[in-house]
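An overview of the molecular structure
What follows is the residue order along each chain.
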Amino acid sequence: MFSDLNKKKITYGIIILFIMSALLIHLMNVPIFSLNIHGELSESFKTVDELKQKADIIVEADVVKANSIKYNNVVFTLSDVVIKKTYKGHLQNNEYIKILETGGVYNNIEHTFEGQKTLKRQEKAILFLKKYVGPVTKDQAYTVLGVYQGKFNLDSSGNIVSKNLEYTTQLDLITNKNELNLE
């Protein structure tokens, strides 16, 4: 049916396809598996009002890019976001800021804290932020209040997506950005 030459061509083709696929997965930093870390939050929020009071700024933003780094054996993601609307603070529409989060995809492993993923390119979110002070980045950056509690990812209709349903605080029951009462 197949000659030895055809069998070799097919075998080499499969090997080349496998190598190219592995290289592409590595270069694009596609997560092969996840590593979830559990822990206690140093500061926890139960209501939107608590987030509003503590936030330095509250914005609706689009993620332009997100890069993960490792610092002291902990993975962080530094995202560039463009402000679409400011609810608190003095940032202007179309201004760019950096967001530093714990976790991210590093060496094809997705690191999450309590199952919460970091911001990804082309996502939209409402963010309750405080100014970052620390050694992980020298750039001026902000962190999400309550690690993930002050982050509300949005779909194109303004519905909140990707909330962790393991918890039952008021924050986790919010399904639409209008329920945040930011206006």
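Calculation rules
Residues numbered from 1 in each chain as written. Predicted model: local features only at pLDDT ≥ 70, side-chain atom pairs only at ≥ 80, totals over all residues. Heavy atoms only, no water. Helix = DSSP H or I, 4+ residues; strand = E, 2+ residues; numbered from the N terminus. Buried < 20%, exposed > 50% of the residue type's maximum accessible area, 1.4 Å probe, protein only. Contact = heavy atoms within 4.5 Å. Areas by Shrake-Rupley, 256 points an atom, 1.4 Å probe, with all protein chains shown as cover. Polar contact = N/O pair within 3.5 Å; in protein donor to acceptor, adjacent residues only side chain to side chain. Core = buried A, V, L, I, M, F, W, Y, C linked by side-chain atoms within 4.5 Å.

Further remarks concern the overall build of the chain. Helices and strands together make up the secondary structure of the chain, namely two helices and ten strands. For the chain, the succession of helices and strands along the chain, N to C, is α-β-α-β-β-β-β-β-β-β-β-β. Within the chain, the proportion of its 183 residues that are buried is 38%. Long-range pairs, those at least 24 residues apart, make up 61% of the contacts in the chain with a sequence separation of at least 6. Counting every atom, the chain has about 11,400 Å² of accessible surface; 55% of that belongs to carbon and sulfur.

A few words now on the side chain of Glu 60. Topologically, Glu 60 is positioned in strand E2 (residues 57–71). Of note is the side chain of Glu 60, whose polar atom sits 3.1 Å from the side chain of Lys 177. If we ignore the near neighbours within four places in the chain, the residues touching Glu 60 are Val 82, Ile 83, Lys 84, Lys 85, Tyr 87, Ala 125, Ile 126, Leu 154 and Lys 177.

Of all hydrophobic cores here, the largest spans 16 residues; its most connected members are Ile 126, Phe 128 and Phe 152. When residues of this core are traced back to their parent elements, those giving at least two are helix H2 (48–54), strand E7 (124–131) and strand E9 (151–154). One finds Val 63, Val 81, Leu 91 and Ile 99 within the second-largest nonpolar core, a separate group that totals 15 residues.

Read these as spatial facts, not as claims about activity.
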